[in-house]
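Remarks on the overall topology
So the chains spell out like this:
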Protein chains: 2
Amino acid sequence: MARPTLADVARSAGVSVSTASLAFSGAGPIAEPTRERVLAAAAELDYAGPNPLGRQLRSGRSGIVGVLLGGVLGRSFREPVAVQTLDGLVSTLAELGLGVLLLPAGRGTGAPPPPTETRTDAPAAAAVPNLAATAAMDVAVLLWGANPADEDLIALSRRDVPVINVEGPAIAGNATVSINDRDGFAQLGAHLASLGHTRVAAVTLPFDRSRTSGIADAERLGQIKLDIVRRRLEGLREGGVDPVTVYEVAYSQVEQGVEAGKTLLSGPDRPTAIVAQSDALAAGVVIAARELGLDVPGDLSVTGFDGIDLPWLGETVLTTVVQPLAEKGAAVGRMVEALLAGSEPESVTFDVELRIGTTTAPPR
Amino acid sequence: MARPTLADVARSAGVSVSTASLAFSGAGPIAEPTRERVLAAAAELDYAGPNPLGRQLRSGRSGIVGVLLGGVLGRSFREPVAVQTLDGLVSTLAELGLGVLLLPAGRGTGAPPPPTETRTDAPAAAAVPNLAATAAMDVAVLLWGANPADEDLIALSRRDVPVINVEGPAIAGNATVSINDRDGFAQLGAHLASLGHTRVAAVTLPFDRSRTSGIADAERLGQIKLDIVRRRLEGLREGGVDPVTVYEVAYSQVEQGVEAGKTLLSGPDRPTAIVAQSDALAAGVVIAARELGLDVPGDLSVTGFDGIDLPWLGETVLTTVVQPLAEKGAAVGRMVEALLAGSEPESVTFDVELRIGTTTAPPR
DNA sequence: CGGTTGGATCAAATCGATTCGATACTCGTC
DNA sequence: GACGAGTATCGAATCGATTTGATCCAACCG
């Protein structure tokens, strides 16, 4: 016995399909007794309400917002900032009755292919369809930037799916949500400079998607692809701090920060301060310092960026720059709302705030 | 100028709509030259491929797997286990060409309503539609259990959406993915008992959705609603350890562990070991102990559960029980595959493994 | 050379709703 | 009692594809 359809309900209630539709959607005039009769018939037949697929086709709306997670998907979930932004986004959109569809960014992003064994008897380039190109969605949100030449982006624009870009490079025609991170780093730089630090090292986010890690030489420094990394370094210089060493990590994770910290602190000319481009990395640096027997902030000042919860550092409070993660999610929600209403959303840039903790002090 | 449809492409290529469809879907015989002509026409018209909504309606498949996050959505994202399970799930499903739709659990779960100001002029119970009941999906995955009487579950079964239950109470007709956590705790108990611990406290996950926290008295201990909590406590007893005190937290987060640790360690009759029901909580306990000047494992042994990455503890390696998170995600993926193929998936229970780290030792 | 087979193509039905425009009816007014 | 306004209902068109069953034709077989 197949599921009943709206037509069945209408027949059983003795009304036309259109009237039955009105009873559920509420769009249009309908007499209260009629409405009740329809709903009663529906209950009788165990009808679960209008089939979403039918509704979606007719109305042209899927009620779905696709979220493209930049880079290797698996890693995005381990980056606290990405997770918290997603968090804010999901709650905001849920209130609008919109669902969030998670989409791994396709191959076009330059993400390395997953290291699954390739069976030679399988059809070459097996038809794993690119979800970004085939899934139904009303709006797409790009989290953590993508390449404008991205395969996914091209597919989306061809399909007329509007795109909202969070923390990515400006792309023509896309609304953008970003933060004033240049200014944040300028403030951090000024803070460190005023404390008297001159030998400062930086730990940065990945320059590109190659997932390289280690100290960046002059050549590598010229190859920074991600705007965000360059902008933050520039901000630091604006604040009066020119890093003597720059360490690039492959992922913004605590482990990577530990690794970076150990390298930078064991080398010659130990820096008196380390500026990390994320709190996760900074936490790693703090841990590395402790393990090497260095006192923070006595022997080493450390700064982060983001303002995420870092309960694991105990009493230690990281000096960092707080960015409004929840507000970013909410802003995206408002943009989606605007786009669905047919208007053009305006891009926003949030200000950030310096928070001085217990990890910075004058050098010894 | 509206987007072209398959009919436009067919007309332009001089073939019928059905043939054009075949050119894209590959289901059915089609001559290579014809296929190329259709694709060329599509490229010419800037056609982005078959509209997913049309395809979905006709085929009755949405290609979407809904994931119901138990409890308050916002918190799920902060619980590492939930995030990592989700992570594995998304990657597995992506390979099957399926998208993951995140659904906040509805009001039926007993989650407290979001504390938004209620405008009195707004219509009462404003029609925020329950996504679980209205969104298109082929299969639903329940992460972290829900009440069988759940509003969402009822709606799903009415719609004939099959449900896969991860770490939840067994519900008739649902396939289940779970782990042998009772055995894991029995092993932990045996380990501690063999070391000679007799005064052991436990820090548990929430008993229900009331988000209570604090030391549970006898009455409260009789009200444990979540199977998982009870089962783990029972396992511990099987292993030969009967906790002298049980502390219930509201969320499985490091902060909560710190709080629990401070309370348990400052009271009279300080325990010589603390068994936490998650690694996040255990990490909090370790931090609390350190802040109180206690040596781990010298003054206090601590155990966790889950086996997640805990880079913030530095050199310290938590004694814990490792559960196969990635495999759980993959198992769900296989179940979804089976359900879509029309077969009945079998429930699985994964074994867990005791990992002895540097946080347990004989009591002083 | 007639009959059979099978590949390629097509026309039409179908999925389950929403929505437009028309119709029927009620009520109030002049 | 006729007319206009407004409300409730309905029939039919529509959204954009997939899929079924029929048709056509060339190749192959005996």
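Residues numbered from 1 in each chain as written. Chains lettered and ligands numbered in written order. Predicted model: local features only at pLDDT ≥ 70, side-chain atom pairs only at ≥ 80, totals over all residues. Heavy atoms only, no water.

1. So, the overall build of chain A
To keep it simple, the criterion reads: Helical segments are the DSSP runs of H or I of at least four residues, strand segments are the runs of E of at least two, and each set is numbered from the N terminus. With a 1.4 Å probe rolled over the protein chains alone, any residue whose accessible area is under 20% of its type maximum counts as buried; one over 50% counts as exposed, and the rest are partly exposed. We call two residues contacting when some pair of their heavy atoms lies within 4.5 Å. We get accessible surface area from the Shrake-Rupley algorithm with a probe of 1.4 Å; when it comes to residues, only the shown protein chains can shield them.
If you tally the helices and strands in chain A, you get 14 helices and 13 strands. A total of 364 residues make up chain A; the buried ones form 52% of that total. A sequence separation of at least 24 residues applies to 73% of the contacts in chain A between residues at least 6 apart. A total accessible area of about 15,500 Å² is found for chain A, and carbon and sulfur atoms account for 52% of it.

2. With respect to the nonpolar core
Quick reminder of the rule: For our purposes a nonpolar core is just a set of buried Ala, Val, Leu, Ile, Met, Phe, Trp, Tyr and Cys residues, chained together by side-chain atoms within 4.5 Å.
Judged by nonpolar contacts, the single largest core of 80 residues is most densely connected at Val203(A) and Val203(B). Setting aside residues no more than four positions away along its own chain, Val203(B) makes contact with Tyr247(B), Val249(B), Ala260(B), Leu264(B), Ile274(B), Val275(B), Ala276(B), Gln277(B), Leu281(B) and Val285(B). The next biggest cluster of nonpolar side chains, apart from the first, holds 71 residues, and it includes Leu339(A), Leu102(B), Ala175(B) and Leu188(B).

3. What about the protein's contact with DNA strand D?
Note the threshold: Note on definitions. A residue lies near a molecule or strand when any single heavy atom of the residue is within 4 Å of it. Pairs of N or O atoms are called polar contacts if they sit within 3.5 Å, as long as, within protein, a hydrogen donor faces a hydrogen acceptor (for residues adjacent in sequence, only side-chain-to-side-chain pairs).
For DNA strand D, the set of nearby residues contains 23 residues, the closest of which are Thr34(A), Leu6(B), Ser21(B), Tyr47(B) and Asn51(B). Considering the 4 Å shell around the protein, atoms of DNA strand D inside it are sugar or phosphate in 63% of instances. Between a phosphate oxygen of DNA strand D and a side-chain N or O atom of Thr19(A), the distance comes to 2.8 Å. The contact in question runs from a base nitrogen of DNA strand D to an N or O atom on the backbone of Gly54(B), over 3.3 Å.

4. Thoughts on the pattern of salt bridges
Residue and element names in this part refer to chain A. Let me state the cut-off plainly: Salt bridges, as used here, are contacts in which a Lys or Arg side-chain nitrogen is within 4 Å of a carboxyl oxygen on Asp or Glu.
According to the stated counting rule, one finds 30 salt bridges over all chains in the structure shown. Note that Glu-248 is salt-bridged to Arg-220, the shortest N-O span being 2.9 Å. With a gap of 28 residues between them, Glu-248 in strand E8 (residues 245-248) and Arg-220 in helix H10 (residues 218-221) connect regions that are remote in the sequence. Residue classification places Glu-248 among the buried residues on the basis of a relative accessible area of 1%.

5. Brief notes about the protein's contact with DNA strand C
Near DNA strand C lie 24 residues; those nearest to it are Leu6(A), Ser21(A), Tyr47(A), Asn51(A) and Thr34(B). Backbone atoms, meaning sugar plus phosphate, form 62% of the atoms of DNA strand C positioned within 4 Å of the protein. Tyr47(A) is positioned such that a nitrogen or oxygen atom in its side chain is 2.6 Å from a phosphate oxygen of DNA strand C. Between DNA strand C and Thr19(B) there is a distance of 2.8 Å, counted from a phosphate oxygen to a side-chain nitrogen or oxygen. Secondary-structure elements contributing two or more residues to the surface near DNA strand C are helix H2 (17-25) and helix H4 (52-59) of chain A together with helix H2 (17-25) and helix H4 (52-59) of chain B. Top contributing element to the surface near DNA strand C by residue count: H4(A), with four residues.

6. A look at the relation of the copies chain B and chain A
Inclusion rule: When the copies are overlaid, the least-squares fit takes in C-alpha atoms only where the residue has pLDDT of at least 70 in both copies.
Once chain B is rotated about the relating axis by 180 degrees and shifted along it by 0.1 Å, it coincides with chain A to within an RMSD of 0.1 Å. Classification of the inter-copy transformation places it as that of a two-fold axis. Taking C-alpha positions as reference, the residue of chain B nearest the rotation axis is Leu101(B), located at 2.2 Å. Take the interface residues of chain B: 98% of them recur as interface residues in chain A, which is what a same-surface contact looks like.

7. What to know about the sheet that holds strand E7 (residues 214-215) of chain A
Residue and element names in this part refer to chain A. What counts here: Two strands qualify as a pair provided that DSSP identifies no fewer than 2 bridges between them. Axis definition: a line fitted to C-alpha atoms, limited for helices to the stretch in contact. Angles are taken between N-to-C directions and run from 0 to 180 degrees.
With mixed pairing, five strands are arranged side by side in an open sheet as E7-E8-E6-E9-E10. A single partner strand is all that each edge strand has here, and the edge strands are E7 and strand E10 (301-303). Pairing geometry for strand E6 (residues 200-204) and E8, over four bridges, is parallel. Residue pairing across strands places Ala-201 opposite Thr-245, the latter belonging to E8. Relative to the sheet, helix H12 (residues 254-266) contacts E6, E7, E8 and strand E9 (273-276), its axis offset from that of E8 by approximately 155 degrees.

8. A closer look at the packing of helix H6 (residues 80-95) of chain A against helix H14 (residues 325-340) of chain A
Residue and element names in this part refer to chain A. Just so we agree on the cut-off: Any angle from 65 to 115 degrees is called roughly perpendicular, while one under 35 is roughly parallel, one over 145 is roughly antiparallel, and all others are oblique. Should the near helix be turned anticlockwise from the far one by less than a right angle, the crossing is termed left-handed; should it be turned clockwise, right-handed. The classification used treats Ala, Val, Leu, Ile, Met, Phe, Trp, Tyr, Cys and Pro as nonpolar, Asp, Glu, Lys and Arg as charged, and all other residues, Gly among them, as polar.
In contact at an axis separation of 8 Å, H6 and H14 are set at 45 degrees when each is read in the N-to-C sense. The orientation of H6 relative to H14 falls into the category oblique. For the pair H6 and H14, the sense of crossing is right-handed. For the pair H6 and H14, contact is made by Val-81, Gln-84, Thr-85, Gly-88, Leu-89, Thr-92 and Leu-93 and by Leu-325, Gly-329, Ala-330, Val-332, Gly-333 and Val-336, respectively. Its residues assigned to classes, the contact of H6 with H14 shows seven nonpolar, six polar and no charged.

9. What about unusual backbone geometry?
The omega angle of the peptide bond from Val296(A) to Pro297(A) is 10 degrees, so this bond is cis rather than trans. Residue position: Pro297(A) is located in the loop between helix H13 (279-291) and E10. Positioned with a positive phi, Asp160(A) is a non-glycine residue whose angle comes to about 65 degrees. Along the chain, Asp160(A) falls in the loop between helix H8 (151-158) and strand E4 (163-166). Judged by its relative accessible area of 47%, Asp160(A) is partly exposed. With a phi close to 130 degrees, Asp306(B) is a non-glycine residue in the positive phi region.

10. Focus: the interface of chain B and chain A
Condition: Two parts placed together each lose some accessible area under a 1.4 Å probe, and adding up what both lose gives the buried area.
Counting residues at the interface gives 51 residues for chain B and 51 residues for chain A. Of the roughly 4,600 Å² buried where chain B meets chain A, counting both sides, 66% is carbon and sulfur surface. Put simply, chain B and chain A have four salt bridges between them. Between Arg158(A) and Asp46(B) there is a salt bridge, with the nearest N and O atoms lying 3.3 Å from each other. Our count for the contact surface shared by chain B and chain A stands at ten residue pairs in polar contact (both at pLDDT 80 or more). Listed by contribution, the elements that provide at least two residues to the side of chain B that touches chain A are H4, helix H5 (73-76), helix H6 (80-95), strand E2 (99-104), helix H7 (131-134), helix H12 (254-266) and helix H13 (279-291) of chain B. In terms of residue count, H6(B) provides more of the side of chain B that touches chain A than any other element does, eight residues in total. Here the residues of the side of chain B that touches chain A sort into 26 nonpolar, twelve polar and 13 charged. Of the strand pairs in this sheet, strand E2 (residues 99-104) of chain A and E2(B) are connected by three bridges, and their pairing is antiparallel. Residue pairing in the sheet places Leu101(A) in a bridge with Leu101(B) of E2(B).

11. A short note on the pairing of E8(A)
The pairing of E7(A) with E8(A) spans two bridges and is antiparallel. Considered in E8(A), the bridge of Ile215(A) is made with Tyr247(A).

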